[in-house]
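Listed below are the residues making up each chain.
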Amino acid sequence: MRHVIALDVGGTGMKAALVGADGTLLHEARRPTGRDRGPDAVVESIAEFAADLRAHGVAHLGEPAAAAGVAVPGIVDADNGIAVYASNLGWSDVPLRDLLSTRLEGIPVALGHDVRTGGLAEGRLGAGKGADRFLFVPLGTGIAGAIGIGGTIEPGAHGSAGEIGHIVVRPGGPPCGCGQRGCLERLASASAVSKAWAEASGDAAADAADCAKAVRSGDPRALAVWQNAVDALADGLLTALTLLDPHTLIIGGGLAEAGETLFTPLRAAVAARVVEFQTLPEIVPAALGDAAGCLGAGLLAWDLLDATGQATAPTAAAPTAPATTDATTTNPATPTPRR
């Protein structure tokens, strides 16, 4: 059965699948990234995982994968297949595409940025299906964005389009790792809400999910923390929609798991900020959850084959359940939300 390898590399774990031409997940597996062993070991872990997936395809699907798609965090030069930099993995200038192609006996490999790859999946298979202009914003450890235009994701001239998390929404606010102060991700990411609620509640172990629960119970401290984050997020999204004029804003990541506790006040806050010449976009939750990166990696692989006339990328509304699951990789450490 013709298929591709899809691999989503996170800071602590990797998700992978063998994906059929119709979008069916034929096999799924997870493994730890192993970043505690250093960047070289991470690269080897990725290559070994990919090789094992190829072997599974040969043994169970009758042929090796036709191509592979890999999503990684950090700065990515997709055109040249270089993982330029990722602070949470410790690597720089890794020629990952060529390394994996060699390990996979020469098949073509597509390399993509994790958030943009997840946005590709949401745009074609998930919450953005049918929207020719959308912005995908996952609210995790940080905040990034993927700009969807006509079924593709815009990378920008230098591969950094969509970095909405580094829009300054509170000048002079808390310092950000990028060197600025008051960046959106320092105020409205899941990690920012967790930090603010831990301080407000006096519980060092409290996180964003606990804050959302307290909001639903009417805790005034939680309401204040939550509203501060919603207001900052609305300010950042207003800048984005002013520049991009999207039909749809897709909000994902850990904070979006709060459901209407987030979306009801967020929609109201954005609507209150939109001026007469602007059109309020639909604001919806992401549909694919933590599977988006892996599904998007599969799309990258099929797109690569399609570009060479070897295959057509899947356009199904949603993948079906996997035929098999790698029993040797059950219950791995679940990756934390990231950008």
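Everything numeric in this text was worked out from a predicted model, so none of it was measured. (Residues numbered from 1 in each chain as written. Predicted model: local features only at pLDDT ≥ 70, side-chain atom pairs only at ≥ 80, totals over all residues. Heavy atoms only, no water.)

Q: Mind laying out the overall build of the chain, listing which residues take part and the relevant values?
A: A count of helices and strands for the chain gives nine helices and 14 strands. Whereas a compact globule of 339 residues would reach a radius of gyration of roughly 20 Å, the chain reaches 20 Å, a difference of no more than 12%. For the chain, the spread of C-alpha atoms along the three principal axes comes to 60 × 45 × 35 Å. Buried residues in the chain amount to 52% of all 339 residues. Long-range contacts, defined here as pairs at least 24 residues apart, represent 63% of the contacts in the chain between residues at least 6 apart. Approximately 14,400 Å² of the chain is accessible, and the part contributed by carbon and sulfur atoms is 54%. (Helix = DSSP H or I, 4+ residues; strand = E, 2+ residues; numbered from the N terminus. Rg over C-alpha atoms; globule rule 2.2 N^0.38 Å. Buried < 20%, exposed > 50% of the residue type's maximum accessible area, 1.4 Å probe, protein only. Contact = heavy atoms within 4.5 Å. Areas by Shrake-Rupley, 256 points an atom, 1.4 Å probe, with all protein chains shown as cover.)

Q: An account of helix 2 (residues 96–103) is requested, with residue identities and associated values reported.
A: Among all positions of helix 2, only Leu96, Leu100 and Ser101 are buried. Along the long axis of helix 2, the arc covered by the buried residues comes to 130°, so they all point the same way. Buried residues along helix 2 sit against helix 1 (39–61), strand 4 (68–72), strand 7 (91–94) and strand 8 (109–113). Positioned one or two residues after helix 2, Glu105 has a phi angle of 60°, which is positive. (Arc of directions from axis to C-beta.)

Q: Please give an account of the side chain of Arg31 that cites residues and values.
A: Secondary-structure assignment places Arg31 in strand 3 (residues 25–32). A relative accessible area of 18% places Arg31 in the buried class. A distance of 2.8 Å separates a polar atom in the side chain of Arg31 from a polar atom in the side chain of Asp52. (Polar contact = N/O pair within 3.5 Å; in protein donor to acceptor, adjacent residues only side chain to side chain.)

Q: An account of unusual backbone geometry is needed here, citing residue identities and associated values.
A: Non-glycine residue Asp93 carries a positive phi angle of around 50°. Within the secondary structure layout, Asp93 lies in strand 7. Residue classification places Asp93 among the exposed positions, given a relative accessible area of 54%. Look at Glu105: it is not a glycine, yet its phi comes out positive at around 60°. A relative accessible area of 61% means that Glu105 is categorised as exposed.

Q: Pulling in residues and values, what's your account of the pattern of salt bridges?
A: Across all of its chains, the model carries 13 salt bridges by this definition. Between Lys195 and Glu199 there is a salt bridge; the shortest N-O distance is 2.8 Å. Linking Lys195 with Glu199, this pair stays in helix 5 (residues 190–201), spanning four residues, or about one helical turn. Of the charged contacts, one joins Arg273 and Asp235 as a salt bridge, the two residues approaching to 2.6 Å between their closest N and O atoms. With Arg273 in helix 8 (residues 260–273) and Asp235 in helix 7 (residues 220–244), this residue pair connects regions lying 38 residues apart in the sequence. (Salt bridge = Lys/Arg side-chain N within 4 Å of Asp/Glu carboxyl O.)

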